[in-house]
Structures are given as structure tokens and as C-alpha cells.
Amino acid sequence: MTPDATWLDPAPFLRGVAWRDGVRTVRADPGDTARLPWDTCERAALPVGVRLEFTAPDGARAVELRYRARVPGPTDALRDLAHCFALWQGDRCLHESFTEPAEEATVTIALPAGPGPFTIHPPESQSPVILGLRGLGGTLAPAPRQPRWLVHGDSITEGWWSTRPAHSWPATAGRALGLDCVNLGYAGAARGELPTAQQLAALPAELLTLAFGTNCWSSVPYSAPLLYETTRAFVALVREGHPATPLLLVSPVLRPDAESTRNALGATLAELRTAMEEAARDLAAAGDKHLTLLPGRDLLTPDDLADGLHPNDAGHARLAAAVVSALGRV
């Protein structure tokens, strides 16, 4: 059969994959969800950060994707988000193809001349599943694999309010560093849940980043001593599977309404941030030579926040640059 007629299995082309649950890519161990909070499980069902990376060695003029996505109802809060397939080459977005969620559909994305490599960032909000791909006018091949970087955090890590999946700070930093970024950010969650630490420990990785803490001020209130001990316990469990893997801990970024406001246990975000940073420094002093701390307070300004909490595109870019600099030192 010619390349135009053959649907390829997408699995060798997918990057940013943590676990598979049948044909779906998921961001929590499907065999270990009973120990996780419901909000973590809900967010983990979205394929955030999952993308296709490929080359066109003999000059394919386009790539065709066959996909299915949940069709939102009239009251779905995410129904108005762009259903966009974005083609990137290096650090440039070449163009975007807008489609609609469907039980099954195809989208054709034109390719420029040259072999690539290319990346396609699918939409995320309606849990799309890539069922197959094929080259038009030539063949496609999976791009070479890059070192694997696990990034765990909350909605800021998941990418809220970047205007496109490729603009989130993990995606931006991953491109800059040449890493296979696996986004394990869970909006509304990521409060230092220890089963999550054990799941991270079980995944292969050449690099790790932890960037949680702001939800420990609000959704489930922590005291500073509790977050100090939770941070130490979380890192200790991650180290069970990654005893010498470089690990960057990013403490909570600026949140103006929380910096000096006390939560239900009497802790301000500034105090929680200090507790996390002290835990990281104490772990390093106790012998963890592969742990690096990036204090988060001064990484963003109020102008970098879209809603007083989540970065806008400029904020995600600034946060990515800070992480790239910190990991470059690592």
C-alpha cells in the first residue's frame, strides 16, 4: 500500500506519555487510582502535554490525523475552548488547524518542505484520542526520543491560563532544553499526596521537577509545619525510585491575595513557601546532592498573572525561562 493509504499506529509517535489505559493516554496510574483524590483522577484523564513528534524523511506534504474527542454539551464549561491542532518546528509555531470535537474525525495539517522534526500539539480540553496518522505524499517516522522529564504540580503546571497547550511553562521549557516533558500537573489538586509521589517513583525519568504548594493554602489548608513534613516525605518517596536523578523543587509562585492572608490553619502562603524551601534545604544538607531549590516568590510579577493566580502567556514564558536557567545549572 502507498503511504497515503496506510494508517500508522500513533503510539511510537506520541511523547509526553505517562501511562496508557487502553487507547487513552492518562496522567495517573490507572491501576492505582483508588488511593488518589477524585480531583487528581479527574484531571489525570486529560492528555495534557501529550503530543506527536515525527520526521518526514522523503518530503511528505501533509500529515493526516484520525482522532476522536468528547463532544461537549451546551452547558459544558470547556465547550468554547479552541479545538486546535498546532504544528511546531523547534521553537516556532508554523500554523494551527481548527476542528470540532467529534466521535471520529480527521484533520489534515500541511507540512513545510524539509524532513523536520515536527511536533503537533493536539487540543486537550475534550480528551482527544489520536487513533492513527499517515503522511500524504511521503512517509512519516517517529522523531528520536529525548531525555524524559517528569513535571509535577498544580494548575499552573497543567498550563492554566496559557492560550495554547504549547505555551505552558513545562512545554516551553521542555522545547528549550530538548526534553520529553511529561506534564503531571493536576488543576485544583497537587497538595503533596503521597500516592502521587510513589507513582512518580515508578516512572522512568532522567530529570524531575516538583512545583506544588499553592493549593495547600486554599483548597485543603496546611499549616507550615505540616507542609514542611509533607515536602520531606514526598521527596523521600520519589527518591525510592530515583535515588540520584536530578530533582528541581520550585516553591509556590506569587499569589497576591494569599501572601499575607491566613488560611483555616493560620498559615499564609509566604509561610508555606518558606516551609517548603526549608524542607528542600534541609534535605540537601542531609545528603541529597541531586536536589536543587528554585524559590518561586520573585519569578513572576502581578502583571504576569491572568487572574491573580495563574500566569498569562508572558508569565508562563518567564517561569519557563527561570526553570531553564535553574536546570541548566543542574
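That block above? That's the structure.
Residues numbered from 1 in each chain as written. Predicted model: local features only at pLDDT ≥ 70, side-chain atom pairs only at ≥ 80, totals over all residues. Heavy atoms only, no water.

Colleague: What's the story with the overall build of the protein in this structure? I'm lost.
Modeller: In terms of helices and strands, the protein carries 7 helices and 16 strands. By the compact-globule yardstick of 20 Å for 330 residues, the protein fits well, its C-alpha radius of gyration being 20 Å. Each principal axis of the C-alpha atoms in the protein carries an extent, and together these give about 65 × 45 × 40 Å. Here the protein, with 330 residues, has 54% of them falling under the buried criterion. A separation threshold of at least 6 residues defines the contact pool for the protein, and within that pool the share at least 24 residues apart is 78%. Of the accessible surface of the protein, which amounts to about 13,600 Å², a share of 56% is contributed by carbon and sulfur atoms. Of the charged side chains in the protein, 29 are positive and 37 negative, and the gap between their average positions amounts to 3 Å. (Helix = DSSP H or I, 4+ residues; strand = E, 2+ residues; numbered from the N terminus. Rg over C-alpha atoms; globule rule 2.2 N^0.38 Å. Buried < 20%, exposed > 50% of the residue type's maximum accessible area, 1.4 Å probe, protein only. Contact = heavy atoms within 4.5 Å. Areas by Shrake-Rupley, 256 points an atom, 1.4 Å probe, with all protein chains shown as cover. Lys, Arg positive; Asp, Glu negative; His and termini not counted. Charge placed at Lys NZ, Arg CZ, Asp CG, Glu CD.)

Colleague: Looking at this structure, how should I read the packing of aromatic side chains?
Modeller: What characterises a pair of aromatic rings is the spacing of the ring centres plus the angle enclosed by the ring planes. Tallied over the full model, the rule gives 5 aromatic pairs. Pairing Phe-54 with Phe-118 gives two aromatic rings, centres 5.7 Å apart and planes at 40°, and the pair type is tilted. Placement of the pair is Phe-54 in strand β4 (residues 51–55) and Phe-118 in strand β9 (residues 118–121), with a sequence separation of 64 residues. Look at Phe-54 and you get buried, because its relative accessible area is 1%. A relative accessible area of 1% places Phe-118 in the buried class. Here the aromatic rings of Trp-160 and Trp-161 are separated by 5.3 Å at their centres, their planes lie at 45°, and the arrangement is tilted. Overall, the relative accessible area of 29% leaves Trp-160 in the partly exposed class. Stacked on the ring of Trp-7, the Lys or Arg Arg-66 has its end atom at 5.4 Å from the ring centre. The ring of Trp-7 has Arg-134 lying over it, and the distance from NZ or CZ to the ring centre is 3.9 Å. (Phe/Tyr/Trp six-rings, centres within 6.5 Å; stacked < 30°, edge-to-face > 60°. Lys NZ or Arg CZ within 6 Å of the ring centre and 35° of its normal.)

Colleague: Before we go on, may I ask you to explain the pairing of strand β12 (residues 148–153) in this structure?
Modeller: Regular strands have side chains that alternate between both faces of the sheet. Across the 6 residues of β12, 6 count as buried, placing the element largely inside the fold. Judged by which residues are buried, β12 turns out to be covered on both faces: Arg-148, Leu-150 and His-152 on one side and Trp-149, Val-151 and Gly-153 on the other are all buried. Where β12 lies against strand β13 (residues 180–185), 6 bridges are found, and the strand directions are parallel. Bridging from a neighbouring strand, Leu-150 pairs with Val-182 of β13. Of the pairings in the sheet, the one linking β12 to strand β14 (residues 207–211) comprises 5 bridges and is parallel in character. Bridge pairing in β14 links His-152 to Leu-210. (Pairing = 2+ DSSP bridges.)

Colleague: Before we go on, may I ask you to explain the sheet that holds strand β8 (residues 105–110) in this structure?
Modeller: Strand pairing in a sheet takes place through backbone hydrogen bonds and is either antiparallel or parallel in direction. Across the sheet, 3 strands lie side by side as β8-β5-β10; this open sheet has antiparallel pairing. Among the strands making up the open sheet, the edge pair consists of β8 and β10 (129–136). In this sheet, neighbouring strand axes are inclined to one another by 20° on average, regardless of whether the strands run parallel or antiparallel. Both strand β5 (residues 62–68) and β10 contribute to a ladder of 7 bridges, which runs antiparallel. Residue pairing in the sheet places Glu-64 in a bridge with Arg-134 of β10. (Axes fitted to C-alpha atoms, helices over the stretch in contact; angles between N-to-C directions.)

Colleague: Would you mind going over the pattern of salt bridges with me for this structure?
Modeller: It is possible for side chains bearing opposite charge to pair when their charged atoms get close. Tallying each qualifying case throughout the model produces 18 salt bridges. A salt bridge links Glu-64 to Arg-134, with the shortest nitrogen-to-oxygen separation between them at 2.8 Å. A residue pair is termed long-range when its members are at least 10 positions apart, and Glu-64 in strand β5 and Arg-134 in strand β10 qualify at 70 residues. For Arg-262, the salt bridge is made with Glu-271, and the minimal N-O distance between the two is 3.0 Å. (Salt bridge = Lys/Arg side-chain N within 4 Å of Asp/Glu carboxyl O.)

Colleague: Quick question: what am I supposed to make of the packing of helix α4 (residues 194–202) against helix α5 (residues 224–241) here?
Modeller: The N-to-C vectors of α4 and α5 enclose an angle of 25°; their axes lie 7 Å apart at closest approach. Classified by the angle between their axes, α4 and α5 sit roughly parallel to one another. For the pair α4 and α5, the crossing hand works out as right-handed. Of the residues in α5, those in contact with Leu-194, Thr-196, Ala-197, Gln-198, Leu-200 and Ala-201 of α4 are Thr-230, Ala-233, Phe-234, Leu-237, Val-238 and Gly-241. (Parallel < 35°, antiparallel > 145°, perpendicular 65-115°, else oblique. Left-handed = near helix turned anticlockwise from the far one by under 90°.)

Colleague: Please explain unusual backbone geometry as it appears in this structure.
Modeller: Both trends apply: most residues other than glycine have a negative phi, and most peptide bonds are in trans. The amide bond that connects Gly-116 to the next residue, Pro-117, takes the cis arrangement and shows omega of 10°. Counting through the fold element by element, Pro-117 comes out in the loop between β8 and β9.

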